[in-house]
Every structure is written in structure tokens, then in C-alpha cells.
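Close look at the chain arrangement
As a plain string of letters, each chain reads:
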Amino acid sequence: YLQRNLLTLVCLITLYNHLKKLYFVKIAIANNKDIATSLNLKQNQMFLVNKYKMQTQKFSEQELRKIIQQLEDLDYQYKIGLIDLNIGLDAIICAI
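The structure reproduced in this document is the subject of the present report. Predicted model, so just to flag it, every value in this text is computed and none were measured. Along each chain, residues carry numbers from 1 onward, in the same order as the chain's sequence is written. Predicted model: local features are reported for residues with pLDDT of at least 70 only, side-chain atom pairs are reported and counted for 80 or more only, and whole-chain, interface and lining totals are derived from all residues. To get the side-chain values, take all heavy atoms of the structure and skip hydrogens and water.

**Overview of the overall build of the chain**
The numbering of helices and of strands both runs from the N terminus, where a helix is a DSSP run of H or I of at least 4 residues and a strand a run of E of at least 2. Counting its secondary structure elements, the chain contains 5 helices and 0 strands. Helices and strands in the chain line up, N terminus first, as α-α-α-α-α. Seen along its three principal axes, the alpha-carbon backbone of the chain occupies a region of about 45 × 30 × 20 Å. Whether a residue is buried, partly exposed or exposed follows from its accessible area with a 1.4 Å probe, protein chains only, as a fraction of its type maximum: under 20%, in between, or over 50%, in that order. Expressed as a percentage of its 96 residues, the buried residues of the chain come to 30%. In this description, accessible areas are obtained by the Shrake-Rupley approach with a 1.4 Å probe, and a residue is regarded as covered only by the protein chains that are shown. Accessible area of the chain: about 6,800 Å², with a carbon and sulfur share of 56%. His is not counted, nor are the chain ends, whereas Lys and Arg count as positive and Asp and Glu as negative. Charge placement uses NZ in Lys and CZ in Arg. For Asp and Glu, CG and CD serve respectively. Computing the positive centroid from 12 side-chain charges and the negative centroid from 8, the chain places the two 9 Å apart.

**Comments concerning the layout of surface pockets**
Of the grid points, spaced at 1 Å and generated over the protein atoms alone, those admitting a 1.4 Å probe that cannot get out make up cavities, while open sets with protein on both sides within 12 Å along at least five of seven lines make up pockets; any residue with an atom within 4 Å of a point is treated as lining. Grid points are joined across faces, edges and corners, and a volume is the space filled by probe spheres set on the points. Considering only enclosed or pocket space, the largest pocket measures out at about 150 Å³ in volume. Lining the largest pocket are Lys58, Phe59, Glu63, Lys66, Ile67, Gln70, Ala95 and Ile96. The dominant element in the lining of the largest pocket, judged by the number of residues it contributes, is helix H4 (residues 61-79), at 4 residues. Within the lining of the largest pocket, the residues separate by chemical class into 4 nonpolar, 1 polar and 3 charged. When residues are sorted by character, Ala, Val, Leu, Ile, Met, Phe, Trp, Tyr, Cys and Pro go into the nonpolar class, Asp, Glu, Lys and Arg into the charged class, and all the rest, Gly among them, into the polar class.

**Examining the packing of helix H1 (residues 2-30) against helix H5 (residues 85-95)**
Helix axes are fitted only over the stretch in contact, all axes being lines through C-alpha atoms; the angle between N-to-C directions runs from 0 to 180 degrees. One can describe the packing of H1 onto H5 by two numbers: an axis separation of 9 Å at closest approach and a directional angle of 35°. Once H1 is placed against H5, the crossing between them reads as left-handed. Residues Arg4, Asn5, Thr8, Leu9, Cys11, Leu12 and Leu15 of H1 lie in contact with H5, whose contacting residues are Leu85, Asn86, Leu89 and Ile93. The residue makeup of the contact of H1 with H5, split by class, is 7 nonpolar, 3 polar and 1 charged. Should the near helix be turned anticlockwise from the far one by less than a right angle, the crossing is termed left-handed; should it be turned clockwise, right-handed. Contacts between residues were defined by any pair of non-hydrogen atoms, one from each residue, lying within 4.5 Å.

**Here's the deal with the nonpolar core**
For the purposes of this section, nonpolar cores are sets of buried Ala, Val, Leu, Ile, Met, Phe, Trp, Tyr and Cys residues that join through side-chain atoms within 4.5 Å. With 23 residues, the main nonpolar core has Leu19 and Leu71 as its most contacted residues. If you list the elements that add at least two residues to this core, you get H1, helix H2 (35-38), helix H3 (47-56), H4 and H5. Residue contributions to this core peak at 7 residues, all from H1. Residues contacting Leu19, with those up to four places away along its chain left out, are Leu64, Ile67, Ile68 and Leu71.

**Notes on the environment of Gln62**
Looking at where Gln62 falls in the secondary structure, it is placed in helix H4. Taking C-alpha positions, Gln62 is 9.1 Å from Tyr23, a pair spaced 39 residues apart along the chain.

**Examining unusual backbone geometry**
Glycine aside, a negative phi is what most residues show, and trans is what most peptide bonds show. The phi angle at Asn32 is positive, at roughly 55°, despite the residue not being glycine. Turning to its location among the elements, Asn32 is positioned in the loop between H1 and H2. Overall, Asn32 belongs to the exposed group, its relative accessible area being 71%. A positive phi angle is found at Asn40, which is not glycine, with a value near 60°. In this structure Asn40 comes out as exposed when scored by relative accessible area, which is 70%.

Next comes the structure, spelled out in C-alpha cells:
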């Protein structure tokens, strides 16, 4: 049980960080800002710019913000014992 929750927590953190990057890309595009600078990418990470741009086409800025907020709420509710982490993450993923 503990190991499963740990793996789910790693999934939650990974998903949160990725969606946050997509959100930053979406904002950078909307404001005509350099994506690589907005994400603090190193020279050897520039290939990520096109990958992130392609992925952001599947979401609106509001959708990304909503999902990020849901993940933040899940993290908080899990930490105070209101929700099972696995069930909460499954629900968010199914809604995407």
C-alpha cells in the first residue's frame, strides 16, 4: 500500500510539473515571449520547445490552469487525509 501511494505521488508530481510547463508555454506564446527563456531551458534542451508547442495545441490556457488547480487540490486533500491519492488521481486523469 505504501509503495503504491509513493508511485502515485511520483505520478502526481510528474504530471503536475509537465502540465505546468505546458501552461508556461501557452502563456509565452500568447504574450509573444521566448519559450526557451520562459522555461529556463539549456542549449541541449531546445528540442523540447517544439514538443511542448505541439502538446499545448491540445489544451486551452483555461483547461491547463483547471487541471493544475485540480492536482494542487488533490495534493492538499491527500495530505490532510480527505481523499485517497489513487482514486483522486484516477478521477483527474479520466476527466482529462
